[in-house]
Amino acid sequence: QSSVITKVKGTAVTNTSESGLLVWGPEEYVIPPQGEDVLFVVTSFLETPNQKMGYCAEVRTFCFHFKSPTGHNRPQCGKCIRNNENSNGTCEIFGWCPTEKDIKPQKPLLKNAENFTIYVKNFIQFPKFSFQSKSNILETTDQSYLKKCRYDKKQYPYCPIFRLGDITRRAGCNFQDMATLGGAIGIVIQWDCDLDKGTSHCNPEYQFTRLDATVSNKSIAAGFNFRHARYFKNAAGESYRSLCKVYGIRFHILVHGKAGKFAIVPLVINIGSGLAVMGAGTFFCDIVLLYLTTGRKSYNDKKFEVLKYEKQHTSTDVDIS
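Conventions we followed
- Residues numbered from 1 in each chain as written.
- Predicted model: local features only at pLDDT ≥ 70, side-chain atom pairs only at ≥ 80, totals over all residues.
- Heavy atoms only, no water.
- Axes fitted to C-alpha atoms, helices over the stretch in contact; angles between N-to-C directions.
- Helix = DSSP H or I, 4+ residues; strand = E, 2+ residues; numbered from the N terminus.
- Parallel < 35°, antiparallel > 145°, perpendicular 65-115°, else oblique.
- Contact = heavy atoms within 4.5 Å.
- Nonpolar A, V, L, I, M, F, W, Y, C, P; charged D, E, K, R; others polar.
- UniProt positions renumbered as here; feature names shortened; annotations may be inferred.
- Buried < 20%, exposed > 50% of the residue type's maximum accessible area, 1.4 Å probe, protein only.
- Core = buried A, V, L, I, M, F, W, Y, C linked by side-chain atoms within 4.5 Å.
- Polar contact = N/O pair within 3.5 Å; in protein donor to acceptor, adjacent residues only side chain to side chain.
- Phe/Tyr/Trp six-rings, centres within 6.5 Å; stacked < 30°, edge-to-face > 60°.
- Disulfide = S-S within 2.5 Å.

The next point concerns the packing of helix H5 (residues 264-291) against helix H6 (residues 296-303). Contact geometry of H5 with H6 gives a least axis separation of 7 Å together with a crossing angle of 125°. With respect to H6, the axis of H5 lies oblique. For the pair H5 and H6, the contacting residues are Asp-286, Leu-289, Leu-290 and Tyr-291 in the first and Arg-296, Tyr-299, Asn-300 and Lys-303 in the second. Residues that form the contact of H5 with H6 fall into these classes: four nonpolar, one polar and three charged.

Spelled out as structure tokens, the structure:
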């Protein structure tokens, strides 16, 4: 049984023409903010601010024309909006305007996200062995330990605080490249406990892997992003929204574990089962060799000894004088 709690810390500053100057804290860039075993950290975004319901040009839909019986060209999809006479034009839609720009980020906007930290608290139990709860946090009386430690396999192997840049590096990825279009990383916590040695020998090991990697690294589905909107009204009561397409890294905390403890009853059962299997194996081998093989007569002569009894006659000579 396992439970995972996460907490992310760090701040970043962005300055774009659409959003202006913004300071990002965990309450803005962590989704969801409850501290679950799956969390998403925003590393880049595209914002379409102050959208309002109305008519506007759809940037992704170009006008296609056909000739009517009278010989006039007519737009196939309704009203066609052109910037000039030589333009094919785009179709007019009714929806949130202006529409979202069809572009991709060239670099992560939250550049400092590489230095954000994730605090992972993991609690495990093995009810079958009446093993009480144990966490992945080092048992120490040093109150400042968690403030100064960062996970390192050699120096701090039991520190539960991980730097985002170190996580991606251990997963074999470059943080800045991955943060541009997003991705998914698994943090695997492995418990392998011999309970005969005591709880002090039951400690976790960590592994890091990229979950959305492809063989060719040229997949059209690479990266991870989604959209969300913030709605508001102006002083006149008109409804507006700001649409954000966010890119980032999705972290999956995966916990695996096994435990063992010596018990006399399973030992006796396993020994008995092994002896029974050995006896059954001998029996089946005899069946095959005695009845199914071509040299069964020779094997039969070697295995069984035939005793022959012969009646012997003896005579006794008596000398009478």
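The UniProt entry lists Asn-115 under the feature "glycosylation site" (unreviewed entry), expressed in the numbering used here. Summarising the element assignment, Asn-115 is placed in the loop between strand E9 (90-97) and strand E10 (117-126). Overall, Asn-115 belongs to the partly exposed group, its relative accessible area being 42%.

In this structure, Tyr-29, Leu-110, Phe-116, Ile-167, Phe-208 and Phe-251 are the most contacted members of the largest nonpolar core, which totals 42 residues. Going through the elements one at a time, strand E1 (2-9), strand E5 (38-62), E10, helix H3 (164-170), helix H4 (175-181), strand E13 (183-194), strand E14 (204-210) and strand E16 (239-260) are the ones with two or more residues in this core. Listed in part, the five residues of the second largest apolar core include Tyr-119, Tyr-145, Cys-149 and Cys-159.

Moving on to unusual backbone geometry. Residue Pro-32 is reached from Ile-31 by a cis peptide bond, and omega for that bond is -10°. For Pro-32, the location among the structural elements is in the loop between strand E4 (30-31) and E5. The omega torsion of the bond from Cys-97 to Pro-98 falls at 0°, within 30 degrees of zero and hence cis. Note that Pro-98 resides in the loop between E9 and E10.

Turning to the side chain of His-252, a few remarks are in order. Here His-252 is to be found in strand E16. One polar contact links His-252 to Arg-250, side chain to side chain, over a distance of 3.3 Å. In this structure, His-252 is in contact with Asp-37, Val-38, Ala-184, Ile-185, Gly-186, Ile-187 and Leu-211, ignoring residues within four places of it in sequence.

This structure, assessed with the given rule, holds 14 aromatic pairs. Ring centres of Tyr-151 and Phe-162 lie 5.1 Å apart, and the angle between their planes is 40°; on these two criteria the pair is classed as tilted. Residue Tyr-151 is found in the loop between helix H2 (145-148) and strand E12 (161-163), and its partner Phe-162 is found in strand E12; the two are separated by 11 residues along the sequence. Take Tyr-151: its relative accessible area is 7%, and that puts it in the buried class. We classify Phe-162 as buried; its relative accessible area is 2%. Grouped by ring-pair contacts, the aromatic residues Tyr-151, Phe-162, Tyr-206 and Phe-208 constitute a single cluster.

This part covers the state of the cysteines. Note on terminology: disulfide describes a covalent bond linking the sulfur atoms of two cysteines. Under the counting rule described, the total for this entry stands at three disulfides. The side chain of Cys-149 participates in a disulfide bridge whose partner is Cys-159; the two sulfur atoms lie 2.0 Å from each other. Torsion about the S-S bond of the Cys-149 and Cys-159 cystine: about 70°, corresponding to right-handed handedness. With a gap of 10 residues between them, Cys-149 in the loop between H2 and E12 and Cys-159 in the loop between H2 and E12 connect regions that are remote in the sequence. Across the pair, exposure class does not vary: Cys-149 and Cys-159 are buried alike. Cys-193 shares a disulfide with Cys-202; S-S distance 1.8 Å. Looking along the S-S bond of the Cys-193-Cys-202 disulfide, the torsion reads about 55°, which is the right-handed sense. Each member of the pair Cys-193 and Cys-202 is classed as buried.

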